[in-house]
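# Survey of secondary and tertiary structure
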Amino acid sequence: MKKAKCIVNQHFKLADIDERIYGSFIEHMGRAVYTGIYQPEHHSADEQGFRQDVLEAIQSLNVPIVRYPGGNFVSGYDWQDGIGPKSERPTRLDYAWLSIENNQFGINEFADWAAKAHTQGMIAVNLGSGTPQQAGYLAEYCNIDKGTYWSDKRREHGYEQPHNFKVWCLGNEMDGPWQTCALSAQEYANKARETAKILKWVDPSIELVACGSSSKEMATFPSWDRTVLEACYEHVDYISLHRYYEYEGDKLSFLAAFHDLNDFIHTIKATADYVKAEKRSDKVMMLSLDEWNVWYIKHMDTKRWQWAPAIAEDVYSLMDALVMGGLLTTIVNNADRVKMACLAQLVNALAPIHTSAEGGVLKHATYYPFMQVSNYGRGSVYKNIVLCDEVQTEKYGAAPQLATLTTFDADSGEMAFFVLNTDLDHDVELELRLEEFGALKMIERQVLTGDDLFAVNSFDAPNNVVPTTQECIEHAGSQFSITLPKTSWTMLRFRVV
Ligand code: AHR
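For every chain, the first residue of the written sequence is number 1, and numbering continues from 1 along that sequence. Per-residue local features are limited, in this predicted model, to residues with pLDDT of at least 70; the limit for side-chain atom pairs, both in listing and counting, is 80 or more; totals at the level of whole chains, interfaces and linings are taken over all residues. Excluded from the side-chain calculations are hydrogens and water; all other atoms, namely the structure's heavy atoms, are used.

By the naming in an unreviewed UniProt entry, the protein chain is non-reducing end alpha-L-arabinofuranosidase, taken from Vibrio xiamenensis. UniProt positions are given in the numbering used here, feature names are shortened, and annotations may be inferred rather than shown by experiment. The record held by UniProt for the protein chain lists under Catalytic activity (unreviewed entry) the comment "Hydrolysis of terminal non-reducing alpha-L-arabinofuranoside residues in alpha-L-arabinosides."

In this section: the pairing of strand 11 (residues 338–343). For each residue, the accessible area found with a 1.4 Å probe, counting protein chains only, is set against the maximum for its type, and the residue is called buried under 20%, exposed over 50%, and partly exposed in between. Helical segments are the DSSP runs of H or I of at least four residues, strand segments are the runs of E of at least two, and each set is numbered from the N terminus. Buried residues dominate strand 11, accounting for 6 of its 6 residues. By the bridge criterion, 2 bridges tie strand 2 (residues 23–25) to strand 11 in an arrangement that is parallel. Bridge pairing in strand 11 places Gly 23 opposite Cys 342. A pair of strands counts as paired when DSSP detects no fewer than two bridges linking them. Two strands pair when backbone bridges link them, and strand 10 (residues 286–294) and strand 11 are joined in this way by 4 bridges, in the parallel orientation. Pairing of Trp 292 across the sheet is with Leu 343, part of strand 11. The crossover handedness rule: strands pointing away from the viewer, path from first strand over the helix to second strand clockwise, crossover right-handed. A crossover connection joins strand 10 to the parallel strand 11 through helix 9 (residues 318–333); in handedness this β-α-β unit is right-handed.

Moving on: the environment of Asp 314. One can find Asp 314 in the loop between strand 10 and helix 9. If we ignore the near neighbours within four places in the chain, the residues touching Asp 314 are Val 294, Trp 295, Tyr 296, Leu 350 and His 364. Between N or O atoms, a polar contact is any pair within 3.5 Å; within protein, one atom must be a potential hydrogen donor and the other a potential acceptor, and residues adjacent in sequence are included only when both atoms are from side chains. Within the structure, the side chain of Asp 314 is placed 2.8 Å from the backbone nitrogen of Tyr 296, a separation counted as a polar contact. By definition in these notes, contact holds between two residues if any of their heavy atoms fall within 4.5 Å.

Attention now goes to the domain arrangement of the protein chain. Many analyses report the size of an interface as the accessible area lost when the parts associate. Delimitation of the domains relies on an automatic or database domain assignment. Looking at the assigned domains, one finds that the protein chain contains domain 1 (2–11 + 382–496) and domain 2 (18–378). Centre-to-centre separation of domain 1 and domain 2, based on C-alpha positions: 30 Å. Taken residue by residue, the interface counts 45 residues in domain 1 and 42 residues in domain 2. Computed with a 1.4 Å rolling probe, the buried area is the accessible surface lost when two parts are put together, summed over both parts. Between domain 1 and domain 2 lies a buried interface of about 3,500 Å² when both sides are counted; carbon and sulfur atoms form 73% of it. Of all residues in domain 1, the largest losses of buried area upon contact with domain 2 belong to Tyr 396, Phe 459 and Trp 489, amounting jointly to 20% of the total for that side.

Rendered as structure tokens:
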């Protein structure tokens, strides 16, 4: 058995965790909305057509913010199509996913749904085919109380109170040639800045996210981010970053995705700080990782001009769930700068929750690590000094074999420790030292592992890949010796006694 050590000290707090780091994303894509969260004819639907079985699965994930309505979809979307009497709403071609959009679900339905899902909205405006003026009208429709054309229209539509959405994204992935009306860095920077001015005039209390690079692989990364920030630095609060991973035949590289994500985050941080220095600004630009996940994009089958087609319905394996755990450790360990992050996405399209249009809900393997970290990784994050082996990966070079995360919530006196063991062949004996938090009693120990890394959940075997509860170590204290099975994800919870 291999040996490793992790040392955490109460004096080494990295950051308080913004709960919006556990956000997610609902796009008009495939069956995310229609036959996903919204299906009036489903037996579990409430009077507004929202599926209760899906709402329950989302509530257990404890997702504090949900990005909407896209994604690529937003860059060709006219939000005015989705308001007013449903029978009068137009059916349109959606250029992003080559689907039919009948607009039965729009911004008001989203606001109602978000309240029922116990979450808040992160609203993206169309900076592809859309204009800054149309974005301003949407903010007026949503956030102004009354007495103007668009706020009174909202009232006419049955919404007396403003929705008061607090976070707005200035477009989506405008660096991508796949985007409806993609822009060069300078074109986007100018359009984003002018839109930012209008949105903040409409509601100075909102926060704005500018589009950063849509991935590390873009030829314009990271100069895109620099150009955008040079134009928008004092007008926006966050720069976005997006990152997806998929298994391409090399398990070690895939399991080390957490290491690559860390590198990406650090490059964007450095780029933002370069612009800060250039501008002699006191403002620290925060990061919004508003799309991240495992996504088998190469397997995606786009069906032309169908309504609610089953696209990007990835069936996530044990290995995908382990990778998700690793990615979560990186995201939260960067909570000093990553204030918001959105698991992309939430239902059906590249999502942990899958629905059957006629039947129930299936939780894919990736549901579980997200649920654990979102529910228990709260409070503050602490620096982990980890002494472990390194692995040589084909894609990302040398990477640590373990990915760890320690959070402590001073209010509840609860600590959570998460660890991914990427070793394909060996268990690891971990000596865990949790110094100066007081005597800690282990209150829960869960492990996600298995012999078959490609095992998945299905409607016939929904609990094939789920964490198992193991016996806690009895003694209270600050040192614990734990065996981490090969290729496993472990959550330990402690309480100060
Ligand atoms: O989340 C799926 C898609 O991935 C989004 O629409 C887009 O922004 C990204 O390329």
